[in-house]
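Here is what each chain is made of, one letter per residue.
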Amino acid sequence: MRFLPHPVWFRKTAAQPGCRVVARCVWLCIALLALFATRAGAAVHPVPLDKYTDAAKCLECHEDKTKGKSVHSAMATGCLSCHEIRVNKDVTRVKLITATPAALCLTCHDDKKAAGIKGTVHPPAVRDCLSCHDPHVSDNKNQLLKPMSGTEKENLCLSCHQTGLNVPEKGSRHAALDMGCDTCHVTHKTGAEPTMDNKFHLTKAAPALCLDCHDAKDADLQKAHQGQPFATSNCVECHDPHQSASPKLMVKFMHAPFEAGSCDTCHAPAKDGKVVLTQADAKAICVTCHDDKAKLIETAKVPHPGAAGDCTDCHSPHGSNELGLPKTDSVSICLGCHTDMDDLRKKAVHHQPAFVQGCATCHTPHGGDNDHLLRAKGNALCLECHGPDSAPQRDDADRLLTIFNGTVKLPDDYYRKNKVVILPLRFGLGHPIEYHPVSDVMDPTNQSKVLTPLNCLSCHQPHASAAPDLLAKDQTNNMAFCDSCHKNRLNMKQTVSPGN
């Protein structure tokens, strides 16, 4: 790296008392600047150039950048629309006119700027356009580095996604994968509405997308669906669009009557192309098997109003890729009503159970005995996963873990994959430092009197935060946070109630 100071300077400076840290910081900063300069294209040009050199001169050597199946339209505006020539004494460098390649792309493609897009953005598009595109010319449309079809080595999408590559022996794989990912997906498609086509960058939503290839009038398809009108249904409610461990691309979890092919348990023969149920409504059908849930909803000390309606408002009657058969996913299914929680998604740090695993990890969805439909009271809720006595039970048959006496099921690698922190607590002490209490501090002169109210929520937020560690009021983890209770740093035992 030509920008780095000479090693002799570094050794002499580092040897001086008090200068070692300074020398190392200077070295690191200059090294990073050199690295970023290289990433931005500030390489030393192999031949000297005049700073007023025009694009025609560039093409004498780089004519290949203008020829190919897909040439970037910016090439027509000239090389110096993106690059600049810098001459310092006898050294010529060519760099981008912006600090990063992504910033340069956005000068023309402002509609792709993630900060201004509402909805799900394809992650590479947020900051690294060149992970997918060649900025000059390519043999593929849109200057893609590779085509969006072919084998794992040939397909650009399969550089990050493993879709369709590891299908179980008795499973199934969607033939559309061989047609290319762009058959169904537009990677830059986004929208504010949380629709399936926006969320997964689809060319259109199901069933319209599926019916582009699958004819609803096909006799074999009609027979497979037992004569039920499927042309207006959401196909991905029953089928995985890419691959499955089961035949016919069936989703991971299926409703027992559906899996058994016993459609007549819930459906009568279709009439005039419309679904006909065997009971007056869907809930009446559900309670014939799930009477326990109906009783829970009716008798719960703390009822869930959302559970009092039609069961299919939340649950798919056929199948789902998630436990409990949610119609969308185990988080979004709740956020449709709880929009205040949906707003918390905008925060930088999320509690994994709240925004990934699912709201029902901590809340009872049909009704319960505790405020906010929580599965346990006070710290017992948090310590079910984070306490020293946390003991998830293994369900080897389904490769799952269970907590809360088997009422909540988790993937068998949940604790390892998510690096769940187990607190080293003894006698209610030990977090965040040794001997620090995590529950109410009692008056030593009167053990029935609470001296300082305290629980997990005194310091932490349960859903999301703007800073790491989910600390209350989006605060950062430093002594200023501790000062909210410990007003006197000379006597840390002198405290006030959190928030006062």
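Look up: the structure comes first, before these words.
This report concerns the structure included in the present document.

What counts as what
- Residues numbered from 1 in each chain as written.
- Predicted model: local features only at pLDDT ≥ 70, side-chain atom pairs only at ≥ 80, totals over all residues.
- Heavy atoms only, no water.
- Helix = DSSP H or I, 4+ residues; strand = E, 2+ residues; numbered from the N terminus.
- Rg over C-alpha atoms; globule rule 2.2 N^0.38 Å.
- Buried < 20%, exposed > 50% of the residue type's maximum accessible area, 1.4 Å probe, protein only.
- Contact = heavy atoms within 4.5 Å.
- Areas by Shrake-Rupley, 256 points an atom, 1.4 Å probe, with all protein chains shown as cover.
- Pairing = 2+ DSSP bridges.
- Axes fitted to C-alpha atoms, helices over the stretch in contact; angles between N-to-C directions.
- Core = buried A, V, L, I, M, F, W, Y, C linked by side-chain atoms within 4.5 Å.
- Phe/Tyr/Trp six-rings, centres within 6.5 Å; stacked < 30°, edge-to-face > 60°.
- Salt bridge = Lys/Arg side-chain N within 4 Å of Asp/Glu carboxyl O.
- Arc of directions from axis to C-beta.

Glancing now at the overall build of the protein. Scanning the protein for helices and strands turns up 18 helices and 20 strands. Relative to the compact-globule value of 23 Å for 500 residues, the protein shows a C-alpha radius of gyration of 30 Å, a clear excess of over 25%. Here the C-alpha coordinates of the protein stretch approximately 85 × 80 × 40 Å along the principal axes. The buried share among the 500 residues of the protein stands at 27%. Put simply, of all contacts in the protein between residues at least 6 apart along the chain, 48% involve residues at least 24 apart. Roughly 32400 Å² of accessible area belongs to the protein as shown, and the carbon and sulfur atoms make up 58% of that amount.

Below, the discussion takes up the sheet that holds strand E15 (residues 393–395). In space, the three strands of this open sheet follow the order E15-E16-E17, with antiparallel pairing throughout. Each having just a single partner strand, E15 and strand E17 (408–411) make up the two edges of the open sheet. When strand polarity is set aside, the average angle formed by the axes of neighbouring strands in this sheet is 35 degrees. Both E15 and strand E16 (residues 400–403) contribute to a ladder of three bridges, which runs antiparallel. Residue pairing in the sheet places Arg 394 in a bridge with Leu 401 of E16.

The next thing to look at is the nonpolar core. Ranked by size, the top nonpolar core spans 11 residues in total: Ala 376, Leu 381, Cys 385, Leu 401, Ile 403, Phe 404, Val 408, Leu 410, Tyr 414, Tyr 415 and Val 420. Those elements that place two or more of their residues in this core are helix H15 (379–386), E16, E17 and helix H16 (414–417). Beyond its immediate chain neighbours, meaning those up to four positions away, Ile 403 contacts Glu 384, Cys 385, Pro 392, Val 408, Leu 410 and Tyr 415.

Turning to the packing of aromatic side chains, a few remarks are in order. The full count for this structure, using the stated rule, is one aromatic pair. Centroid distance Tyr 414 to Tyr 415: 5.9 Å. Interplanar angle 75 degrees. Geometry classified as edge-to-face. When sorted by exposure, Tyr 414 lands in the same class as Tyr 415, which is buried.

Taken in spatial order, the three strands line up as E1-E4-E3 in an open sheet, and their pairing is antiparallel. Looking along the sheet, the strands with just one partner apiece sit at the ends: strand E1 (43–44) and strand E3 (83–88). The sheet contact formed by E3 and strand E4 (residues 91–96) spans six bridges and is antiparallel. Across the sheet, residue Val 87 finds its bridge partner in E4, namely Thr 92.

In E16, alternate side chains face the same way, and those of Leu 400 and Thr 402 on one face and Leu 401 and Ile 403 on the other are all buried. Hairpin geometry of E15 and E16 is characterised by an intervening segment of four residues between the two adjacent antiparallel strands and by a positive phi of about 55 degrees at Arg 399. Here E16 folds back onto E17, and the loop between the two strands holds four residues, one of which, Phe 404, carries a positive phi near 50 degrees.

This part takes up the pattern of salt bridges. Enumeration over the complete set of coordinates arrives at 16 salt bridges. The shortest N-O distance in the salt bridge between Lys 199 and Asp 329 comes to 3.0 Å. Taken as a pair, Lys 199 in helix H6 (residues 196–199) and Asp 329 in the loop between strand E12 (319–320) and helix H12 (332–335) lie far apart in primary sequence, 130 residues in all. The class of Lys 199 is partly exposed, set by a relative accessible area of 33%. For Arg 345, the salt bridge goes to Asp 342, with nearest N and O atoms at 3.8 Å. Relative accessible area serves as the criterion here: at 35%, Arg 345 is assigned to the partly exposed category. The class of Asp 342 is partly exposed, set by a relative accessible area of 30%. Ionic contacts of the salt-bridge type, sharing partners, join the residues Glu 84, Arg 86 and Lys 95 into one network.

This paragraph deals with the environment of Asp 396. Mapped onto the secondary structure, Asp 396 falls in the loop between E15 and E16. Spatially, the C-alpha atom of Asp 396 lies 33 Å from that of Gly 428, the residues being 32 residues apart in sequence.

Position of His 122 relative to the elements: it lies in the loop between helix H4 (101–108) and helix H5 (124–127). Taking relative accessible area as the criterion, His 122 reaches 16% and is therefore assigned buried. If we skip the residues at most four places from it in the chain, His 122 touches His 161, Thr 187 and His 201.

This brings us to the pairing of E4. Side-chain direction in a regular strand flips from residue to residue, so the side chains alternate between the two faces of the sheet. Most of E4 sits inside the fold, with six of its six residues counted as buried. Pairing of E1 with E4 involves two bridges; the strand directions are antiparallel. From the neighbouring strand, Val 44 faces E4, where its bridge partner is Arg 93.

When H15 is considered as a whole, its buried residues turn out to be Asn 379, Leu 381 and Cys 385. All buried residues of H15 fall inside an arc of 160 degrees around its axis, so they share one side. Elements that come into contact with the buried residues of H15 comprise E16, H16 and helix H17 (456–459).

Turning our eyes to something else, we now look at the environment of Glu 193. Note on placement: Glu 193 falls in the loop between strand E6 (172–173) and H6. Look at Glu 193 and you get partly exposed, because its relative accessible area is 48%. Residues Glu 193 and Lys 118 lie 75 residues apart in sequence; the distance between their C-alpha atoms is 8.1 Å.

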